[in-house]
Amino acid sequence: MEKTILEPFLGRVFRTVLIVFIARFGNYIPIPSITEIGSLYESSFRGSSIYNLSTFSGGSNVISIFTLGLGPFFSASLLIQFLTKLYPNFEKLQNEEGDSGRKQIVKYTRLFTIFFSTVESIFLSNSLR
């Protein structure tokens, strides 16, 4: 009986450790055209949004593939929440359509996340050149 209780717990712990490992490892994979920017932080970006972005994404001095973190998803989620309150069609989709409506809202959130990720990464890469 103890084996059946312990197996799901160990599986969850293993998945959590794996996700943390991948996230930490991804913070040290640099983007090819942008090199280490530690000296730029101290000189021109101190107190700016790029300096704060490094703090939110793990605090490394390398602009990596995971630099944006969860920011684009949070922005997309907030936008969907605002649209739900502003437009009756979104509110109807969320409240009255049931499970299929919620799946549609999740789909829109993912699409907006991709859009925000693309826009933020373009602005970030252009600001560092």
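Rules used in this analysis
Each chain has its residues counted from 1, following the order in which its sequence is written. Thresholds applied to this predicted model are a pLDDT of at least 70 for local features of residues and 80 or more for the giving and counting of side-chain atom pairs; totals over whole chains, interfaces and linings are not thresholded and use all residues. Hydrogen atoms and water are omitted, and side-chain values are computed over all heavy atoms in the structure. In this analysis, rings of Phe, Tyr and Trp, with Trp reduced to its six-membered ring, are considered paired at centre separations within 6.5 Å, and the interplanar angle assigns stacked below 30 degrees, edge-to-face beyond 60, and tilted for intermediate values. Numbering of helices and strands runs from the N terminus; a helix is a DSSP stretch of H or I covering at least four residues, while a strand is a stretch of E covering at least two. Think of it in three bands: with a 1.4 Å probe and only protein chains considered, a residue is buried below 20% of the maximum accessible area for its type, exposed above 50%, and partly exposed in between. For this analysis, a nonpolar core means a set of buried residues of the types Ala, Val, Leu, Ile, Met, Phe, Trp, Tyr and Cys, connected via side-chain atoms within 4.5 Å. We define a salt bridge as a side-chain nitrogen of Lys or Arg found within 4 Å of a carboxyl oxygen belonging to Asp or Glu. Contact criterion: two residues are considered in contact whenever any of their non-hydrogen atoms come within 4.5 Å of each other. In predicted models, pLDDT denotes the confidence assigned by the predictor to each residue on a 0 to 100 scale. The angle between two axes is taken between their N-to-C directions and runs from 0 to 180 degrees, where each axis is a line fitted to C-alpha atoms and a helix contributes only its stretch in contact. Each angle is binned into one of four classes, with values under 35 degrees roughly parallel, values over 145 roughly antiparallel, values of 65 to 115 roughly perpendicular, and all other values oblique. Under the grouping applied here, Gly and all other residues not named as nonpolar or charged are polar, the nonpolar ones being Ala, Val, Leu, Ile, Met, Phe, Trp, Tyr, Cys and Pro and the charged ones Asp, Glu, Lys and Arg.

Caption draft 1: Representation of the packing of aromatic side chains. Enumeration over the complete set of coordinates arrives at 4 aromatic pairs. Geometrically, the ring pair formed by F90 and Y108 is edge-to-face, given 5.7 Å between the ring centres and 65° between the ring planes. Pair noted here: F90 is in helix α5 (residues 88-95) and Y108 is in helix α6 (residues 99-127), with a separation of 18 residues, a long-range link. A relative accessible area of 28% places Y108 in the partly exposed class. Ring geometry for F115 versus F116: centroids 5.6 Å apart, planes at 55°, classification tilted. The partly exposed category is assigned to F115, whose relative accessible area is 46%.

Caption draft 2: How the structure looks around the nonpolar core. With 5 residues, the main nonpolar core is built from I80, L83, F90, L93 and I105. If you list the elements that add at least two residues to this core, you get α4 (71-86) and α5.

Caption draft 3: Spatial organisation of the pattern of salt bridges. The full count for this structure, using the stated rule, is 1 salt bridge. Measuring nitrogen to oxygen at the nearest pair gives 4.0 Å for the salt bridge that ties D99 to K103. One end of the pair, D99, and the other, K103, are both in helix α6, 4 residues apart, so they sit about a helical turn from each other. Take D99: its relative accessible area is 52%, and that puts it in the exposed class. What makes K103 exposed here is its relative accessible area of 57%.

Caption draft 4: Seen up close, the environment of Q94. Along the chain, the position of Q94 falls in helix α5. Sequence spacing of Q94 and V106 is 12 residues, and the spatial spacing of their C-alpha atoms is 9.9 Å. For Q94, the contacting residues outside a window of four places in its chain are T84, R102 and I105.

Caption draft 5: Examining the confidence of the model for the chain more closely. Per-chain confidence: the chain averages 78 in pLDDT, with 73% of residues scoring 70 or above. Mean pLDDT in the chain bottoms out at helix α2 (residues 38-43), which sits at 50, and peaks at α4, which reaches 92.

Caption draft 6: Highlighting the packing of α4 against α5. Interaxial distance between α4 and α5 falls to 5 Å at its minimum, and their mutual angle equals 105°. Looking at the two axes, α4 sits roughly perpendicular to α5. Here L83, T84 and L86 of α4 lie close against α5, whose contacting residues are P88, F90, E91 and Q94. When grouped by side-chain class, the residues that make up the contact of α4 with α5 number 4 nonpolar, 2 polar and 1 charged.

Caption draft 7: Structural detail: the side chain of T109. Assignment of secondary structure puts T109 in helix α6. Given a relative accessible area of 10%, T109 falls into the buried group. Setting aside anything within four residues of it in sequence, one finds T109 in contact with F73, A76, S77 and I80.

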